[in-house]
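Next come the chains, spelled out residue by residue.
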Amino acid sequence: EVENHGSFPELEDGDEGMDPEEQAVRATDDLVEARLIEDRGNLLQKIDLALYRLESGTYQLCENCGKTIPKERLRAKPSVSLCVACQEEKDGS
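Treat the numbers as computed from the prediction; the structure is a model and nothing was measured.

A. Broad picture of the overall build of the chain. Within the chain, the secondary structure is distributed over four helices and zero strands. In the chain, the succession of α and β elements from N to C terminus is α-α-α-α. A total of 93 residues make up the chain; the buried ones form 15% of that total. Summed over its atoms, the accessible surface of the chain is roughly 7,300 Å², and 51% of this surface lies on carbon and sulfur atoms.

Next up, the structure:
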């Protein structure tokens, strides 16, 4: 777990009396919760950006090439800002 996430959370008050397995469960729960909070924050940023693009009239336009993003793609993932070709180029596909 430390290899995947970089560090192990600090023990909280009262954790000292827990056995190592209980501490590991608590630490894993804390890591999962932190990741969920981070993911929610990222989603909110994507929603804000999509709303800004909608208000500015650029919602259906690819941020990279300026071509129209198909409605089906936007329906599938409303926060998308790149057309398929530009997304594949970005991803290295």
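Following the structure, the description resumes.
B. View of the layout of surface pockets. Size it by volume and the largest pocket reaches roughly 190 Å³. As for the largest pocket, its lining consists of Lys46, Leu49, Arg73, Lys77, Ser79, Val80, Ser81, Leu82, Gln87 and Lys90. Taken together, the residues of the lining of the largest pocket sort by class into three nonpolar, three polar and four charged.

C. View of helix 2 (residues 20-56). With 37 residues, helix 2 should cover 54 Å at 1.5 Å per step; its first-to-last C-alpha distance of 54 Å lies within 8% of that length. For helix 2, the full list of buried residues reads Ala27, Leu31, Ala50 and Arg53. Once helix 2 finishes, Gly57 follows within two positions and takes phi at roughly 80 degrees, a positive value.

D. Seen up close, the environment of Leu51. One can find Leu51 in helix 2. A residue is classified by how much of its surface remains accessible, and Leu51, at 43% relative accessible area, is partly exposed. As for Leu51 and Pro78, which are separated by 27 residues in sequence, their C-alpha atoms are 9.8 Å apart.

E. Layout of the pattern of salt bridges. With the rule as written, the count across this model stands at two salt bridges. Residue Asp39 is joined to Arg35 by a salt bridge in which the shortest nitrogen-to-oxygen separation is 3.7 Å. A residue pair is termed a helical-turn pair when its members lie 3 or 4 positions apart in one helix, as Asp39 and Arg35 do in helix 2 at four residues. Residue classification places Asp39 among the partly exposed residues on the basis of a relative accessible area of 38%.

The rules we used
- Residues numbered from 1 in each chain as written.
- Predicted model: local features only at pLDDT ≥ 70, side-chain atom pairs only at ≥ 80, totals over all residues.
- Heavy atoms only, no water.
- Helix = DSSP H or I, 4+ residues; strand = E, 2+ residues; numbered from the N terminus.
- Buried < 20%, exposed > 50% of the residue type's maximum accessible area, 1.4 Å probe, protein only.
- Areas by Shrake-Rupley, 256 points an atom, 1.4 Å probe, with all protein chains shown as cover.
- 1 Å grid on protein atoms, 1.4 Å probe; cavity = no way out; pocket = protein on both sides within 12 Å on 5 of 7 lines; lining within 4 Å.
- Points joined across faces, edges and corners; volume = space filled by probe spheres on them.
- Nonpolar A, V, L, I, M, F, W, Y, C, P; charged D, E, K, R; others polar.
- Expected span 1.5 Å × (residues − 1).
- Salt bridge = Lys/Arg side-chain N within 4 Å of Asp/Glu carboxyl O.

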